[in-house]
Amino acid sequence: MRIRMTVMAGLATLAGSVGLYPLFEEHGWFAAGLGAVLAVAGGGLLSRRLRLPAVCNALFGLLALLVYLNVAYVADAAWLGFVPSPESLSRLVSLNEAGWQAANRYAAPVPLLPGISLMAAAGIGLVAVLVDLLAVRLRRTAPAGLPLLAMYSVPAAVREDGVSWLAFGVGALGFLGLLMADAREQVGGWGRTVTTHRRQREVPLAGAEPRPEETATRLDAAALAASGRRIAAAAVAVAVVVPAAVPGLQPRGLLDLGGGSGDGTQTVTTPDPLVSLKRELTRLDDSVVLTYRTDDRQAPDYLRLYALDRFDGDRWTYSPLQSSSRDRLTGDELPDPPGLTVASSREVTTRVEVRPEVKNMTFLPVPYAPSRVSIKGDWRVHDPSLMVYSLRDSAGGRSYTVQSRRAQPTSAQLARAGGYPAEVVAHYTAVPRNIPRQVRDLAENVTAGSATAHAQAVKLQRWFNQTGGFAYDLSAPAPQHGSDLVDFLLHSKRGYCEQFAASMALLARIIGIPSRVAMGYTPGSEVRPGQWVVRSRDAHAWPELYFQGTGWVRFEPTPAGAAGQGTADAPGYSLPETTGGGGPESRAESAPEAAAPDEEEAAEPSAAARNRSDTGPEGAAGAQEDEEDGFSAAPWLAGGLLVLLLMAVPMALRVLTRRRRWAALTAPRGPEDGSRRPSPRPPGGVSGGGSGGRARTPDAADAAHAAWREMRADALDHGFEWRSSDSPRATARRLGELLELDPEGARALGRIARAEELARYSLSRSPEPPERLRADVRTVRDAFAAAVGRRARLRARLLPPSTVEQTRETLRSATDRVLEAATRVNELPARLRRR
């Protein structure tokens with residue numbers, strides 16, 4: 001039944017589950033997981049007590065887990081309070097669905113609702129089933145660490161700060177305890193330790209009679225166990241300390257060596273900004289992110305973190321940022337905002353203080369467009385987008401001052417905007433070719449009748465937040481694929497700011513208006529004159545559209561107020577004009593007559609952008625579409641090549657072992673070659689002078705051993721039994737009977753066995769030269785292949801079992817050496833004391 005291993009497997013699972021603590025607000029999940037582990041352990045014990053096959057071990061564990069979940073969560077619907085019934089199973093499924101919806105609705109740490117508690121208990125129970133099956137039933141303790149490691153991947157993927165070193169250490173010690181229990185049980189299967197005795201005479205002291213003393217020499221098990229514990233503790237310590245010390249594994253490293261302090265160019269990488277947005281919006285505590293003071297007499301503008309300029313068909317993201325030391329903030333003026341040449345602007349100064357609790361904020365929230373930023377640390381600016389970021393620092397706990405130019409365009413100025421620069425059109429109007437025709441038609445229909453790009457943008461915004469029938473809903477899942485945005489636009493029409501911003505930016509590009517998605521925070525709430533507080537619920541995404549002469553200006557398609565994003569507001573230039581009875585269309589009429597040529601020019605790049613999107617690679621936009629949206633075989637080819645390389649590893653090891661085995665017989669030997677047997681000097685030979693080695697004369701015993709080992713590996717590869725206790729002659733006799741060799745094959749097998757026999761038991765040398773033995777091995781290998789089927793031959797070539805055995809021998813030898821070194825280290829203090 002292996003009760004001790006069952007207990008250790010359960011403890012290791014519980015220790016590994018400690019890493020889940022960042023996911024929950026309360027601690028009741030651990031009690032639920034404890035019950036699941038106990039149930040699985042009981043099911044496994046029952047299966048092993050009945051001596052059932054290994055597959056039944058997993059089935060009994062799953063059945064016990066199901067019974068436990070029925071008792072813990074739906075006992076009133078189960079038969080007799082614990083037997084699963086159709087009703088109880090249906091309620092468990094419904095409870096699990098509710099838990100899944102709650103997990104998607106809330107940001108971690110989530111409240112411990114019944115559905116979430118059920119998911120935690122079921123997940124820990126499934127890990128316990130796998131650990132019990134691998135470590136206890138199949139006696140494969142090392143692979144049992146994989147499901148334990150899987151539990152750490154969940155908080156690492158959900159929480160930006162991951163798992164603390166203490167929780168990792170607890171899980172690692174639990175797994176090491178499981179390994180030690182398995183090793184002790186395996187060694188204990190050999191019986192009691194055998195003690196040998198020897199006579200030892202002590203050196204007499206002055207005036208003392210020498211007396212013989214019989215001492216017992218035995219393996220100091222306690223010393224080895226102590227050494228093993230030291231090695232385990234050192235391994236855990238290294239696993240905890242090294243990631244904190246190595247730059248790149250942590251943002252800064254223990255010695256503050258990382259983060260791209262050199263002059264080389266680095267690519268800036270961050271977690272998915274939109275995933276972080278959903279977490280912020282669904283936090284229950286609604287914590288304060290930052291506070292700021294501003295001299296802006298009007299309502300402050302949004303605080304932007306990211307500018308997402310690429311849409312790959314599924315998600316919006318920003319182009320890779322190539323950062324170098326030239327991009328560092330030095331206190332000088334930042335580059336001018338793109339396109340801001342005609343519209344008026346005013347200088348705004350903002351003093352921002354980010355709360356220390358904020359983690360991993362490597363992009364600064366700043367009002368657009370920043371012209372000067374004063375902050376301590378290694379912070380840099382991306383010139384085209386004016387995003388301010390750091391390769392190693394976080395904004396948490398920092399204070400900084402931002403001077404920015406806030407554009408103040410009027411509706412008439414935006415309506416008179418001229419044509420777009422070619423590079424702006426190429427980069428910011430590219431859309432994937434696989435956008436459904438319904439979405440393209442929708443963009444044209446919503447903006448039909450608009451004479452200017454500004455009128456089109458106003459119609460789009462009004463359709464999203466007023467006339468389109470959309471509803472703000474934080475429970476909507478985050479869009480993961482292009483089909484999710486299509487469903488939002490055409491069917492569900494329920495979502496939060498991410499869906500609204502992403503959809504309006506996409507529709508704007510379809511009709512030829514350069515656009516991107518910005519992410520950051522709304523102005524927040526004013527707590528006293530000039531002082532504002534921004535909370536996690538103020539996280540927001542919005543579209544930015546480009547108008548020549550003004551540059552990038554924001555629009556607000558997300559509903560605001562109590563029924564939407566509470567602190568969002570639409571800028572005045574984005575609202576439709578109602579004077580003159582024209583609605584948004586009247587904006588074109590209200591523009592001066594001189595605006596007509598400009599409007600025609602503005603329409604031309606829009607049509608050109610649409611043509612490029614539809615016709616292919618004639619322009620830069622088409623090239624980008626081909627690169628991003630067409631099917632790319634490169635990932636599949638790379639994955640297939642990697643699989644082929646992994647499959648070729650055993651075969652390559654087998655070929656290398658064979659070549660090394662024969663090459664060792666003719667390896668050069670220098671004057672200090674420490675081989676175990678001296679090579680005889682060739683008759684009449686003269687040793688070479690100089691410092692180089694001389695060609696080694698093959699040793700007959702080495703050649704015999706090499707041929708015997710090679711034949712043994714071939715026999716194992718082809719599925720033949722190899723009895724290590726048989727003599728070479730008995731082995732040759734048994735193989736000859738199995739293979740039904742022809743006379744030549746029989747002679748080859750006999751020569752190999754005869755050479756090995758002489759090398760083992762006789763002082764005389766084998767008469768067979770190495771070349772003959774090598775040819776004999778090939779002959780016997782062909783006989784092995786002819787005696788088995790095609791599947792066995794393929795296995796012998798592609799997945800040779802001898803490679804696995806060789807790997808085991810190597811690991812066993814390395815383990816023995818480590819234990820020997822540990823024993824010496826453990827005995828060192830005693831030796832020093834004797835000295």
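Quick look at the structure, then.

So, how was this worked out
Residues numbered from 1 in each chain as written. Predicted model: local features only at pLDDT ≥ 70, side-chain atom pairs only at ≥ 80, totals over all residues. Heavy atoms only, no water. Helix = DSSP H or I, 4+ residues; strand = E, 2+ residues; numbered from the N terminus. Buried < 20%, exposed > 50% of the residue type's maximum accessible area, 1.4 Å probe, protein only. Contact = heavy atoms within 4.5 Å. Areas by Shrake-Rupley, 256 points an atom, 1.4 Å probe, with all protein chains shown as cover. Pairing = 2+ DSSP bridges. Axes fitted to C-alpha atoms, helices over the stretch in contact; angles between N-to-C directions. Expected span 1.5 Å × (residues − 1). Parallel < 35°, antiparallel > 145°, perpendicular 65-115°, else oblique. Left-handed = near helix turned anticlockwise from the far one by under 90°. Nonpolar A, V, L, I, M, F, W, Y, C, P; charged D, E, K, R; others polar. Arc of directions from axis to C-beta. Salt bridge = Lys/Arg side-chain N within 4 Å of Asp/Glu carboxyl O. Core = buried A, V, L, I, M, F, W, Y, C linked by side-chain atoms within 4.5 Å. Polar contact = N/O pair within 3.5 Å; in protein donor to acceptor, adjacent residues only side chain to side chain.

### A short note on the overall build of the protein
Phase 1 of the analysis: Per the secondary structure count, the protein includes 25 helices and 23 strands.
Phase 2 of the analysis: Scored against the burial criterion, the 835 residues of the protein give a buried share of 45%.
Phase 3 of the analysis: Put simply, of all contacts in the protein between residues at least 6 apart along the chain, 71% involve residues at least 24 apart.
Phase 4 of the analysis: A total of about 43200 Å² of accessible surface is found on the protein, and carbon and sulfur atoms cover 57% of it.

### Describing the sheet that holds strand β4 (residues 288-294)
Across a sheet, strands are paired by hydrogen bonds formed along the backbone, either parallel or antiparallel in direction.
Phase 1 of the analysis: Here we have 6 strands laid out as an open sheet, ordered β11-β14-β9-β4-β19-β18, and antiparallel in their pairing. Both edges of this open sheet fall to β11 (370-374) and β18 (525-528), since each of them pairs with a single strand only. Strand-to-strand twist across the sheet, computed as the mean angle between neighbouring axes with direction ignored, equals 25 degrees.
Phase 2 of the analysis: Both β4 and strand β9 (residues 345-354) contribute to a ladder of 5 bridges, which runs antiparallel.

### Concerning helix α3 (residues 54-73)
Phase 1 of the analysis: Here α3 contains 20 residues, and its C-alpha end-to-end distance of 29 Å stays within 8% of the 28 Å for a straight helix at 1.5 Å per residue.
Phase 2 of the analysis: Where α3 is concerned, the buried positions are C56, N57, A58, G61, A64, L65, Y68, L69, N70 and Y73.

### Details of the packing of α3 against helix α5 (residues 114-137)
Phase 1 of the analysis: In the contact formed by α3 and α5, the axes pass within 10 Å of each other and the chain directions differ by 160 degrees. Taken together, α3 and α5 sit at an angle that is classed as roughly antiparallel. The handedness of the crossing between α3 and α5 comes out as right-handed. Contacts between α3 and α5 involve A54, N57, A58, G61, L62, L65, Y68, L69 and Y73 on the former and, on the latter, P114, S117, L118, A121, A122, G125, L126, V129, D132, L133 and R137.
Phase 2 of the analysis: Residue composition of the contact of α3 with α5, by class: 14 nonpolar, 4 polar and 2 charged.

### Details of helix α12 (residues 437-446)
Phase 1 of the analysis: What α12 keeps buried is the set V439, R440, L442, A443 and V446. For α12, the angular spread of the buried residues around the axis is 155 degrees, confining them to a single face. Residues R437 and N445 are exposed on α12 and point more than 90 degrees away from its buried face.

### Focus on the pattern of salt bridges
Phase 1 of the analysis: Taken as a whole and judged by the stated rule, the model has 36 salt bridges.
Phase 2 of the analysis: Between R658 and D714 there is a salt bridge, with the nearest N and O atoms lying 3.8 Å from each other. With R658 in helix α19 (residues 634-663) and D714 in helix α20 (residues 700-717), this pair connects stretches of sequence that are 56 residues apart.
Phase 3 of the analysis: Classification of R658 as partly exposed rests on a relative accessible area of 23%.
Phase 4 of the analysis: Overall, D714 belongs to the buried group, its relative accessible area being 2%.
Phase 5 of the analysis: For the salt bridge of E710 with R781, the shortest nitrogen-to-oxygen distance reads 3.6 Å. Here E710, found in helix α20, pairs with R781, found in helix α23 (residues 770-787); they are 71 residues apart in sequence, far enough to count as distant.

### Description of the nonpolar core
Phase 1 of the analysis: Counting 86 residues, the largest nonpolar core has L364, F464, L507 and F547 as its most contacted members.
Phase 2 of the analysis: Among the elements that make up this core, the one with the highest residue count is helix α15 (residues 497-510) (10 residues).
Phase 3 of the analysis: If you look at the next biggest cluster of nonpolar residues, it comprises 42 residues, including L92, A128, V129 and L148.

### What to know about the sheet that holds strand β17 (residues 515-521)
Phase 1 of the analysis: With respect to topology, 5 strands assemble into an open sheet ordered β10-β5-β17-β20-β21, the strand pairing being antiparallel. Each of the sheet's edge strands pairs with one partner strand only, and the pair in question is β10 (366-367) and β21 (551-554).
Phase 2 of the analysis: Note that strand β5 (residues 303-308) and β17 share 5 bridges and pair antiparallel. From the neighbouring strand, L308 faces β17, where its bridge partner is V517.

### Details of the environment of T429
Phase 1 of the analysis: Mapping T429 onto the fold places it in the loop between α11 (422-428) and α12.
Phase 2 of the analysis: We classify T429 as buried; its relative accessible area is 0%.
Phase 3 of the analysis: For the pair T429 and R516, spaced 87 residues apart in the sequence, the C-alpha separation amounts to 9.0 Å.
Phase 4 of the analysis: From its side chain, T429 meets the backbone oxygen of V425 in a polar contact 2.4 Å long.

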